[in-house]
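# A structural walkthrough
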Amino acid sequence: MDEIAYSADCSKCFGLCCTALSFERSSQFGHDKLAGQPCQYLADDFRCRIHERLEDLGYGGCDAFDCLGAGQRASAAFATENWRRDTAIARRLYARFSQLLLLQEMRQALVTAASLDIPAELHQRRLALLDRVGDEADSDDKDTTAAAQAVLADGKAFLKSLAAVLAA
């Protein structure tokens, strides 16, 4: 699998990690931020105004976060929508971003599982799940989908079942 499939490209994103997600003031984040509110340091062009000083200013969590490509996928799907002025569209964008983040995390977990010493039958199931996850993650859907929820549940069950196989 091409690593680009789960690599973030911030230049193609609406700064969704800085808008859609919440964080609490801590050693990793310098202030509280509610989900759906833009970070106070997010510029109008969706770039961080303090990116070069994140660690110094107490925002190491920002630098450590990786959306695995969910941001650019959600942004591309909503590129023609006026999500900044329409809260209903913004909620859909944030929900889709969240679902895509889960899909990308599952995609990466299934890719990583390729190195496990498991029977060929399980590798075939892993590859089939990986294809399904990829289809959902790479789709242009603007809304969360039942198919994505289903493949996430199937992927979680599959990964959980590997623990028993590896422990044997």
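Quick note: structure is the one above.
Since we're looking at a predicted model, the values are computed, not measured. (Residues numbered from 1 in each chain as written. Predicted model: local features only at pLDDT ≥ 70, side-chain atom pairs only at ≥ 80, totals over all residues. Heavy atoms only, no water.)

### Regarding the packing of helix α2 (residues 70–77) against helix α3 (residues 87–112)
To keep things clear, this is the line we draw: For every element, the axis is a line fit to its C-alpha atoms; helices are fit only across the contacting stretch, and the angle between N-to-C directions ranges from 0 to 180 degrees. Strands are runs of DSSP state E lasting at least 2 residues, helices are runs of H or I lasting at least 4, and numbering of each runs from the N terminus. For classification purposes, an angle smaller than 35 degrees is called roughly parallel, one larger than 145 roughly antiparallel, one from 65 to 115 roughly perpendicular, and anything else oblique. The crossing is said to be left-handed when, going from far helix to near helix, the turn is anticlockwise and less than a right angle, and right-handed when the turn is clockwise. We call two residues contacting when some pair of their heavy atoms lies within 4.5 Å. In this count, Pro and Cys sit with the nonpolar residues alongside Ala, Val, Leu, Ile, Met, Phe, Trp and Tyr, while Asp, Glu, Lys and Arg are called charged and the others, Gly among them, polar.
Running from N to C, α2 and α3 point in directions that differ by 140 degrees, and their axes come no closer than 8 Å. With respect to α3, the axis of α2 lies oblique. Crossing of α2 over α3 shows right-handed handedness. The segment α2 lies against α3, with Ala70, Gly71, Arg73, Ala74 and Ser75 engaging Leu93, Phe97, Leu100, Leu101, Gln104 and Arg107. Partitioning the contact of α2 with α3 into residue classes produces 6 nonpolar, 3 polar and 2 charged.

### Side note on the packing of α3 against helix α4 (residues 120–137)
One can describe the packing of α3 onto α4 by two numbers: an axis separation of 9 Å at closest approach and a directional angle of 155 degrees. Accordingly, the angle class assigned to the pair α3 and α4 is roughly antiparallel. As α3 runs across α4, the sense of the crossing is left-handed. Contacts from Arg96, Leu100, Leu103, Gln104, Met106, Arg107, Leu110 and Val111 in α3 reach Arg126, Leu129, Leu130, Val133, Gly134, Glu136 and Ala137 in α4. In terms of residue class, the contact of α3 with α4 is made up of 9 nonpolar, 2 polar and 4 charged.

### Structural notes on the pattern of salt bridges
Stated precisely, the cut-off is as follows: Salt bridges, as used here, are contacts in which a Lys or Arg side-chain nitrogen is within 4 Å of a carboxyl oxygen on Asp or Glu. Three labels apply to residues, based on accessible area from a 1.4 Å probe with only protein chains included: buried if under 20% of the type maximum, exposed if over 50%, partly exposed otherwise in between.
Applying the stated criterion across every chain yields a total of 6 salt bridges. A salt bridge links Arg132 to Asp154; its shortest N-O distance comes to 2.9 Å. Residue Arg132 is found in helix α4, and its partner Asp154 is found in helix α5 (residues 146–167); the two are separated by 22 residues along the sequence. Of the residues examined, Arg132 reaches a relative accessible area of 35% and is grouped as partly exposed.

### What about α5?
Defined as follows: Expected helix span is taken as 1.5 Å per residue step, with the number of steps being one fewer than the number of residues. Our arc is simply the arc of the directions from the helix axis toward the C-beta atoms.
Under the 1.5 Å per step criterion, the end-to-end length of α5 is 32 Å for 22 residues, consistent within 8% with the ideal 32 Å. Here α5 has its buried residues at Ala148, Val151, Leu152, Gly155, Phe158 and Leu162. Across the axial projection of α5, the buried residues extend over an arc of 125 degrees, all falling on one side. Turned more than 90 degrees away from the buried face of α5 sit Ala146, Lys156, Lys160, Ala164 and Ala167, all of them exposed.

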